[in-house]
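Listed below, chain by chain, are the residues.
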Amino acid sequence: MLFKLTGSSCSRKATLAHAVANRFQGFVEHDFDELGVPEGTDRHWHQRVTEMWVRCALEYQGRRVDLLLTGQSPLGEVLTAPSTPGRDGIAARLVDVSDEVRRAERQEVVVVVDIEAVHAALG
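We now turn to the structure provided with this report.

1. Concerning the pattern of salt bridges
For step 1, the next point in the chain: Enumeration over the complete set of coordinates arrives at 2 salt bridges.
For step 2, the next point in the chain: In this structure, the salt-bridge partner of Glu51 is Arg55, at a minimum N-O distance of 2.8 Å. Of the two residues, Glu51 and Arg55 both sit in helix α2 (residues 43–62), 4 residues apart, roughly one turn of that helix.
For step 3, the next point in the chain: Residue Glu51 is classed as buried on the basis of its relative accessible area, which comes to 9%.
For step 4, the next point in the chain: With its nearest N and O atoms 3.3 Å apart, the salt bridge here joins Asp88 to Arg87.
For step 5, the next point in the chain: According to the relative accessible area criterion, Arg87 is buried, its value standing at 8%.

2. Quick look at the sheet that holds strand β4 (residues 90–95)
Either a parallel or an antiparallel arrangement is found when strands of a sheet pair, and the pairing is made through backbone hydrogen bonds.
For step 1, the next point in the chain: The 4 strands are arranged β2-β3-β1-β4 in an open sheet whose pairing can be described as parallel. Edge strands, defined here as strands with exactly one partner in the open sheet, are β2 (27–31) and β4. For this sheet, the mean inter-axis angle between neighbouring strands, taken without regard to orientation, is 20°.
For step 2, the next point in the chain: Two elements, β2 and strand β3 (residues 66–71), share 5 bridges in a ladder whose sense is parallel. Looking at β3, one finds that Glu29 is bridged to Leu68.

3. A word on the packing of aromatic side chains
For step 1, the next point in the chain: A complete count under the given rule lists 2 aromatic pairs for this structure.
For step 2, the next point in the chain: Ring plane angle 50° and centroid distance 5.3 Å describe the contact between Phe3 and Phe27, whose orientation is recorded as tilted. Highlighted residues: Phe3 in strand β1 (residues 2–7) and Phe27 in strand β2, separated in sequence by 24 residues.
For step 3, the next point in the chain: With relative accessibility at 23%, the residue Phe3 sits in the partly exposed group.
For step 4, the next point in the chain: Taking 6.5 Å as the distance between ring centres and 85° as the angle between the ring planes, the aromatic pair formed by Phe32 and Trp45 counts as edge-to-face. On the criterion of sequence distance, the pair formed by Phe32 in the loop between β2 and α2 and Trp45 in helix α2 is long-range, its members being 13 residues apart.
For step 5, the next point in the chain: On the accessibility criterion, Phe32 (4% relative accessible area) is buried.
For step 6, the next point in the chain: Classification of Trp45 by relative accessible area gives buried; the value is 15%.

What counts, and at which threshold
Residues numbered from 1 in each chain as written. Predicted model: local features only at pLDDT ≥ 70, side-chain atom pairs only at ≥ 80, totals over all residues. Heavy atoms only, no water. Salt bridge = Lys/Arg side-chain N within 4 Å of Asp/Glu carboxyl O. Helix = DSSP H or I, 4+ residues; strand = E, 2+ residues; numbered from the N terminus. Buried < 20%, exposed > 50% of the residue type's maximum accessible area, 1.4 Å probe, protein only. Pairing = 2+ DSSP bridges. Axes fitted to C-alpha atoms, helices over the stretch in contact; angles between N-to-C directions. Phe/Tyr/Trp six-rings, centres within 6.5 Å; stacked < 30°, edge-to-face > 60°.

The quantities given are spatial measurements derived from coordinates; they are silent on function.
Following this line, the structure appears as structure tokens:
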């Protein structure tokens, strides 16, 4: 089965997927973007990568393992992938957080390093 965990940035999709995969046997977790996202991606790139993940889920299905896929891609893209009819099931959940939490998570952390102090500590 393909479990799609989708939602906004900073909603802790990957954290939730990791917890599920650790708690329940028979799950493997992957993130849609884990192989990288090149600059200038377009709709066709996204559709090809979605198809790749659906095929990956089919491979896991053959080993009786369920794929828990995180990412921001909409469920409609998974449902329209050419290999989707071969799946034994698809489930999806939307994860979201409040705007306040999202803003707090996205704030840049500025680290000030005193280079002289570092050099002095290293000798």
